[in-house]
Amino acid sequence: MSEKFDNFCGELRTRINDADKRIKDLKAKAVGAGEKAKVEAKAQLAALENKANDQKARTAAAEAKAKAWVEEKKTMTHDKIAEWKEQRDVKRLESRADLSEHYTVTAMEIAAAAVDEAERAAVEAVVARMDADAIKAPVASKS
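So, here's what we can say about the structure. (Residues numbered from 1 in each chain as written. Predicted model: local features only at pLDDT ≥ 70, side-chain atom pairs only at ≥ 80, totals over all residues. Heavy atoms only, no water.)

## Quick look at the overall build of the protein
Our working definition: For helices the rule is a DSSP run of H or I covering at least 4 residues; for strands it is a run of E covering at least 2, with both sets numbered from the N terminus onward. Radius of gyration here is computed from C-alpha atoms only, and the compact-globule reference equals 2.2 Å multiplied by the residue count raised to the power 0.38. Relative accessibility thresholds used throughout: buried, under 20% of the residue-type maximum; exposed, over 50%; partly exposed, between the two (1.4 Å probe, protein chains only). Two residues qualify as a contact provided that any one of their heavy atoms is within 4.5 Å of a heavy atom in the partner residue. Under the convention used here, a 1.4 Å probe and the Shrake-Rupley method define accessible areas, while residue burial counts only the protein chains that appear. His is not counted, nor are the chain ends, whereas Lys and Arg count as positive and Asp and Glu as negative. By convention, charge coordinates are those of NZ in Lys, CZ in Arg, CG in Asp, or CD in Glu.
When helices and strands are counted, the protein shows four helices and zero strands. The C-alpha atoms of the protein give 23 Å as radius of gyration, which overshoots the globular expectation for 143 residues (15 Å, by more than 25%). Considered along the principal axes of its C-alpha atoms, the protein spans approximately 90 × 25 × 20 Å. Expressed as a percentage of its 143 residues, the buried residues of the protein come to 25%. Considering only residue pairs separated by 6 or more positions, the protein has 83% of its internal contacts joining residues 24 or more positions apart. Of the accessible surface of the protein, which amounts to about 10,200 Å², a share of 55% is contributed by carbon and sulfur atoms. Counting 28 positive and 27 negative side-chain charges, the protein places the averaged centre of each group 4 Å from the other.

## Concerning the nonpolar core
Counted only if it meets this: What makes a nonpolar core is a set of buried Ala, Val, Leu, Ile, Met, Phe, Trp, Tyr and Cys residues whose side-chain atoms join them at distances within 4.5 Å.
Within the largest apolar cluster, 10 residues are counted, these being Leu-26, Ala-30, Ala-37, Ala-41, Leu-45, Leu-48, Val-123, Val-126, Val-127 and Met-130. Among the secondary structure elements, those contributing two or more residues to this core are helix H1 (3-30), helix H2 (35-75) and helix H4 (90-136). The contact partners of Val-126, leaving out residues within four places of it in the chain, are Leu-26, Lys-27 and Ala-30. Within the second largest apolar cluster, nine residues are counted, among which are Phe-8, Cys-9, Ala-19 and Val-105.

## Topic: the packing of aromatic side chains
We count it as follows: Pairing of aromatic rings covers Phe, Tyr and Trp, the last through its six-membered ring, and needs centres within 6.5 Å; plane angles under 30 degrees mean stacked, over 60 mean edge-to-face, and all others mean tilted.
Tallied over the full model, the rule gives one aromatic pair. Seen in terms of ring centroids, Trp-69 and Tyr-103 are 3.9 Å apart; in terms of plane orientation they differ by 15°. Their pairing is stacked. Linking Trp-69 in helix H2 with Tyr-103 in helix H4, this pair joins segments that are 34 residues apart in sequence. Take Trp-69: its relative accessible area is 16%, and that puts it in the buried class.

## Looking at the packing of H2 against H4
What counts is decided by this rule: Only C-alpha atoms enter the line fits that serve as axes; for helices the fit covers just the stretch in contact. Angles between N-to-C directions range over 0 to 180 degrees. The scheme is simple: roughly parallel for angles under 35 degrees, roughly antiparallel for over 145, roughly perpendicular for 65 to 115, oblique for anything else. Crossing handedness: left-handed means the near helix sits turned counterclockwise from the far one by under a right angle, and right-handed means the same turn made clockwise.
Where H2 contacts H4, the two axes come as close as 8 Å, and the packing angle between them is 155°. One finds that H2 runs roughly antiparallel with respect to H4. Where H2 crosses over H4, the two elements pack in a sense that is left-handed.

By themselves, these figures tell us nothing about what the structure is for.
In structure tokens, the structure reads:
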């Protein structure tokens, strides 16, 4: 596999682990959360929403690339690939390998965007729960 592919695998793993840690930290803060924790959670949500908006065009482009690869792959039948191997058609086999690697990286880009969206959704859920819990909490009596 290409170095770019290997690097992206590591980056994706790191993004997933970092998102998981941020969500766990936020959930821990949310338990009995005060106003400061709510403000921090809402700021985190706003940042994630901005990031998601920035990623929309890149994600759409990646999805278009993935669809193009699927269409290209349909033309590469098992018989054609076997024929290329038999004829030792290195150029076509390398082109196929390159296309497959590009598709892999594109699919990982889509996965990374999905991880970011999942984190945004989780933070939104925590903020919503904090809002609901705040309303359920008994209102301090005014003296």
